[in-house]
Amino acid sequence: MSDYSDDEVVSRRRRRGRRPSDADGAPERQVEQDPAKREALARDVIYRALGARDHSRGELRAKLARKGFDEELTERMLDKFTAAGLVDDAAFAQRWVESRHRFSGRGRRALAQELRTKGIGEAEAAAALDTVSRDAEAERAAELVERKLARVEIPDDRTERDKLTQRLVGMLARRGYHPSLALSVVLDAVRAKAAAE
């Protein structure tokens, strides 16, 4: 039981920079009713998001919904940003796939799932994923496996070698590589390292 009245609790929260609604973890809600001000607030939310990193239209839609903006205003603002070329799902998908494949070693399956969670449409996602060829995917998978194998010796024991193979295939599967591709890459890398040792 608190020793403070409700007014004192609200006052203390305000002094600390927190609104009373923040305390219960409820989603933020905009209370501004003036249409021009609400549009300016929505525009500001989008500019801030895009200033931090590239966003898809779906991500921005979700962000505005969490802030309490209605669907009509959200779509109108997103249409304006799209028309200005500041929101482009096809370009976003291309950059996302290139970056995540090159720097995080993600396979096509994982990339497709990530694009879905970002709200990217089927056509834009397919076009972006087509930029990662099977050869490029196999090459990137081989790099990941070689990096792991550089720190271990290939065991002579068949059972231990099979366990190592399973671990490496599992690592590639978690990164979104097709099981048959993962197995092929791992077996080739293990054989090559065993021959070199």
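Higher on the page you've got the structure.
Definitions and cut-offs
- Residues numbered from 1 in each chain as written.
- Predicted model: local features only at pLDDT ≥ 70, side-chain atom pairs only at ≥ 80, totals over all residues.
- Heavy atoms only, no water.
- Helix = DSSP H or I, 4+ residues; strand = E, 2+ residues; numbered from the N terminus.
- Buried < 20%, exposed > 50% of the residue type's maximum accessible area, 1.4 Å probe, protein only.
- Areas by Shrake-Rupley, 256 points an atom, 1.4 Å probe, with all protein chains shown as cover.
- Expected span 1.5 Å × (residues − 1).
- Contact = heavy atoms within 4.5 Å.
- Core = buried A, V, L, I, M, F, W, Y, C linked by side-chain atoms within 4.5 Å.
- Axes fitted to C-alpha atoms, helices over the stretch in contact; angles between N-to-C directions.
- Left-handed = near helix turned anticlockwise from the far one by under 90°.
- Nonpolar A, V, L, I, M, F, W, Y, C, P; charged D, E, K, R; others polar.

Student: Any chance you could explain the overall build of the chain here in plain terms?
Tutor: A tally of helices and strands in the chain yields 10 helices and 0 strands. The linear arrangement of helices and strands in the chain, starting from the amino end, is α-α-α-α-α-α-α-α-α-α. Within the chain, the proportion of its 197 residues that are buried is 31%. Looking at the chain as shown, the accessible area adds up to about 12,500 Å², and 49% of this sits on carbon and sulfur atoms.

Student: What is the right way to look at helix H8 (residues 134-149) in this model?
Tutor: Along an α-helix, a turn takes 3.6 residues, which lines up residues three or four apart on a common side. The end-to-end C-alpha distance of H8, which contains 16 residues, comes to 22 Å, matching closely the 22 Å that a straight helix rising 1.5 Å per residue would cover. For H8, every residue scored as buried is listed here: Glu137, Arg140, Ala141, Leu144, Val145 and Leu149. Those residues of H8 hidden inside the fold are in contact with helix H5 (89-104), helix H6 (108-117), helix H9 (158-174) and helix H10 (179-196).

Student: For this particular structure, what's the right way to read the side chain of Glu39?
Tutor: Looking at the element boundaries, Glu39 is found in helix H2 (residues 35-52). Here Glu39 falls in the buried class, since its relative accessible area comes to 15%. Here Glu39 is in contact with Leu73, Arg76, Met77 and Lys80, once residues within four sequence places are set aside.

Student: Before we go on, may I ask you to explain the nonpolar core in this structure?
Tutor: Side chains of nonpolar character tend, in soluble globular proteins, to be buried together. The biggest cluster of nonpolar side chains holds 17 residues, and the ones touching the most others in it are Val145, Leu149, Leu168, Leu172 and Val186. Those elements that provide at least two residues to this core are H8, H9 and H10. Examining the composition of this core, we find that 6 residues originate from one element, H10, more than from any other. In contact with Leu172, not counting residues within four places along its chain, are Ala141, Leu144, Val145, Tyr177, Ala182, Val185 and Val186. Formed by 13 residues, the second largest nonpolar core is a distinct cluster that contains Ala42, Val45, Leu50 and Phe81.

Student: Can you walk me through the packing of H5 against helix H7 (residues 122-129) in this structure?
Tutor: Two quantities define a packed helix pair, namely the angle between the helix axes and the distance between the axes. Running from N to C, H5 and H7 cross one another at 35°; their axes reach a closest spacing of 9 Å. In this structure, H5 crosses over H7, and the sense of that crossing is right-handed. Taking contact as the criterion, the partners of Asp89, Ala90, Ala93, Gln94 and Val97 in H5 are, on H7, Glu124, Ala127, Ala128 and Leu129. Of the residues that constitute the contact of H5 with H7, the class distribution is 6 nonpolar, 1 polar and 2 charged.

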